[in-house]
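Coordinate inspection notes
Listed below, chain by chain, are the residues.
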Amino acid sequence: MIDLHSHVLPGIDDGPAELAGSLAMAEVAARSGTRRIVATPHLREDFPDVRPSELASRVAELNREFARAGVELEVLPGAEVDISAALEASDEDLRAATLAGNGTDLLLETPYGALPSIFENLLASVRSRGFRVTLAHPELNPSFQLHADRLGRLVEDGVLVQITARSLQRRSPARPLALTAIERGWGSALASDAHSADWRPPTLGEHLHEAARRHPGLAARLGWMTEAAPAAILAGSELPQAPPAQREGFLKRLLGSAAR
């Protein structure tokens, strides 16, 4: 599996403070079935130690440490870019912050508060500079939760969507929109958004298998979102055809959750 969103680099944002924490995260991710993980530290003003020009070298050093420790996990460079930071950054810095350093694909952080009416225009400004945008965890945003079709229109316009795996947990308030996004084909990647080995851990495989058990009609789509689709995003290529998703009605979804 490919985990497109994690905070595994030590000491620069709200991920692990030291290398030991990164190693612990790597061991959890590898046990969960992840083979490639993208380090996506927050690129925004409250984390000044995240410098785009240093991301590739930091990732290279982390890969060396993982190899020394015998952890079978490849780390790729990237960043989770705040929309304001993206608008202010140079094209050179944004290319350095792209996923796998591919020069085209940006993971943009969806704000946690209500979205302004100009949000779509702000995204368009970033995209007009030649970048393909993947929105990180839009299912957590209250505006999208209230108006799901607003997210759907962005997808129709070419924006990709990353769903965070823990949003599929039964008690998550983000679960209804996360399921809707997967059922309607809006989701392109399922990722952990991991921050440590125990708090928000990189247990992508466990979340994937549990979601597939609860919603077997989505199993093939979920697998596509952790393998073929993120691989294409990292390569900067067109996403392959997604397998069909079997939609579940609200009552079936409710009864299924209660029975399990």
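Criteria and thresholds
- Chains are numbered independently. Their residues run from 1 in the order of the written sequence.
- With pLDDT at 70 or above as the cut-off, local features in this predicted model cover only qualifying residues; side-chain atom pairs require 80 or more to be listed or tallied, and sums for whole chains, interfaces and linings still use all residues.
- For side-chain calculations, the full set of non-hydrogen atoms in the structure is used, while hydrogens and water are omitted.
- Strands here are runs of E lasting at least two residues and helices are runs of H or I lasting at least four, both read from the DSSP assignment and numbered beginning at the N terminus.
- Radius of gyration here uses only the C-alpha atoms, and the compact-globule reference equals 2.2 Å multiplied by the residue count raised to the power 0.38.
- Residue burial is assigned from relative accessible area. The probe radius is 1.4 Å, only protein chains are included, and a residue is buried under 20% of its type maximum, exposed over 50%, and partly exposed in between.
- Here a residue-residue contact requires only that any non-hydrogen atoms of the pair lie within 4.5 Å.
- Definition used for salt bridges: Asp or Glu carboxyl oxygen within 4 Å of a side-chain nitrogen of Lys or Arg.
- Here, any two strands with at least 2 DSSP bridges between them count as paired.
- Handedness of a crossover: with both strands directed away from the viewer, a clockwise path from the first strand across the helix to the second marks it as right-handed.
- The set of buried Ala, Val, Leu, Ile, Met, Phe, Trp, Tyr and Cys residues whose side-chain atoms join them within 4.5 Å is what this entry labels a nonpolar core.
- Geometry is summarised by axes, namely lines fitted to C-alpha atoms with helices restricted to the contacting stretch, and by angles between N-to-C directions that run from 0 to 180 degrees.
- Angles are sorted into four bins: roughly parallel if under 35 degrees, roughly antiparallel if over 145, roughly perpendicular if 65 to 115, and oblique for all others.
- Just so you know the grouping, Ala, Val, Leu, Ile, Met, Phe, Trp, Tyr, Cys and Pro go in nonpolar, Asp, Glu, Lys and Arg go in charged, and all remaining residues, Gly too, go in polar.
- Handedness of each helix crossing follows the sense of rotation of the near helix against the far helix: counterclockwise by less than a right angle gives left-handed, clockwise gives right-handed.

1. A closer look at the overall build of the protein chain
When helices and strands are counted, the protein chain shows 12 helices and 9 strands. Its C-alpha atoms give the protein chain a radius of gyration of 17 Å, within 12% of the compact-globule value 18 Å for 260 residues. Overall size of the protein chain, expressed as C-alpha extent along the three principal axes, is 50 × 45 × 30 Å. For the protein chain, the residues scored as buried account for 53% of the 260 residues in total. For the protein chain, restricting intrachain contacts to residue pairs at least 6 apart in sequence, the fraction spanning at least 24 positions comes to 74%.

2. Some thoughts on the pattern of salt bridges
Under the definition given, this model contains 16 salt bridges. The partner of R58 in a salt bridge is E54, with the nearest N and O atoms 3.3 Å apart. Looking at R58, the relative accessible area reads 30%, which means it is partly exposed. A salt bridge links E210 to R213; the nearest nitrogen and oxygen atoms lie 2.8 Å apart. With a gap of 3 residues between them, E210 and R213 both fall in helix α9 (residues 204–214), about one helical turn apart. Taking the relative accessible area as the measure of exposure, R213 reaches 44% and is therefore partly exposed. Through salt bridges that share partners, D49, R51, E54 and R58 make up one connected network.

3. With respect to unusual backbone geometry
What you tend to see is this: most non-glycine residues have negative phi, and most peptide bonds are trans. Residues other than glycine seldom take positive phi values, yet H137 does so here, at roughly 40°. Looking at the element boundaries, H137 is found in the loop between β7 (132–136) and α6 (142–146). The backbone of D193 sits at a positive phi, close to 50°, despite the residue not being glycine. Along the chain, D193 turns up in the loop between β9 (189–191) and α9.

4. A word on the pairing of β7
Here β7 lies mainly inside the structure; 4 of its 5 residues are buried. Sheet topology note: the strand β6 (residues 105–109)/β7 ladder contains 5 bridges and is parallel. Bridging across to β7, E109 finds its partner in A136. In this fold, β6 hands off to helix α5 (residues 119–127), which returns the chain to β7; that crossover is right-handed.

5. Re the nonpolar core
By size, the foremost hydrophobic cluster in this structure holds 80 residues, and its most contacted members are F66, V81, L108, L135, L190 and L222. With residues up to four places along the chain from it excluded, the contact list for V81 reads L43, A86, L94, A97, L106, L107, L108 and E109.

6. Notes on the packing of helix α10 (residues 219–226) against helix α11 (residues 228–235)
Relative orientation of the contacting elements α10 and α11 amounts to 25°, with a least axis distance of 3 Å. Looking at the two axes, α10 sits roughly parallel to α11. Along the contact surface, α10 presents W224, M225 and T226, while α11 presents A228, A229 and P230. Looking at side-chain class alone, the contact of α10 with α11 contains 5 nonpolar, 1 polar and no charged residues.

7. So, the sheet that holds strand β1 (residues 2–6)
Pairing is parallel in the open sheet, where 3 strands are placed in the order β1-β2-β4. The open sheet terminates on both sides in strands that have one partner only, identified here as β1 and β4 (74–76). Shown here is a sheet whose adjacent strand axes are inclined to one another by a mean of 25°, direction ignored. Strand contacts of helix α2 (residues 55–69): β2 (36–39) and β4, with the helix running at about 175° to β4, the strand carrying the most contacts.

8. Observations concerning the sheet that holds strand β5 (residues 80–81)
Spatial strand order, β3-β5-β6-β7-β8-β9: 6 strands in an open sheet with parallel pairing. Each edge of the open sheet carries a strand with a single partner, namely β3 (42–43) and β9. Here β3 pairs with β5 via 2 bridges, running parallel. Bridge pairing links H42 to E80 in β5.

9. Observations regarding the packing of α9 against α10
How two helices sit against one another is set out by the angle between their axes and by the gap between those axes. Contact pair α9 / α10: the axes reach a minimum separation of 9 Å and the direction vectors enclose 160°. The angle between α9 and α10 falls in the class roughly antiparallel. The hand of the α9/α10 crossing is right-handed. Counting all contacts with α9, which are made through L204, L208, A211 and A212, the residues of α10 involved are A219, L222, G223 and T226. Residue classes in the contact of α9 with α10 are distributed as 6 nonpolar, 2 polar and no charged.

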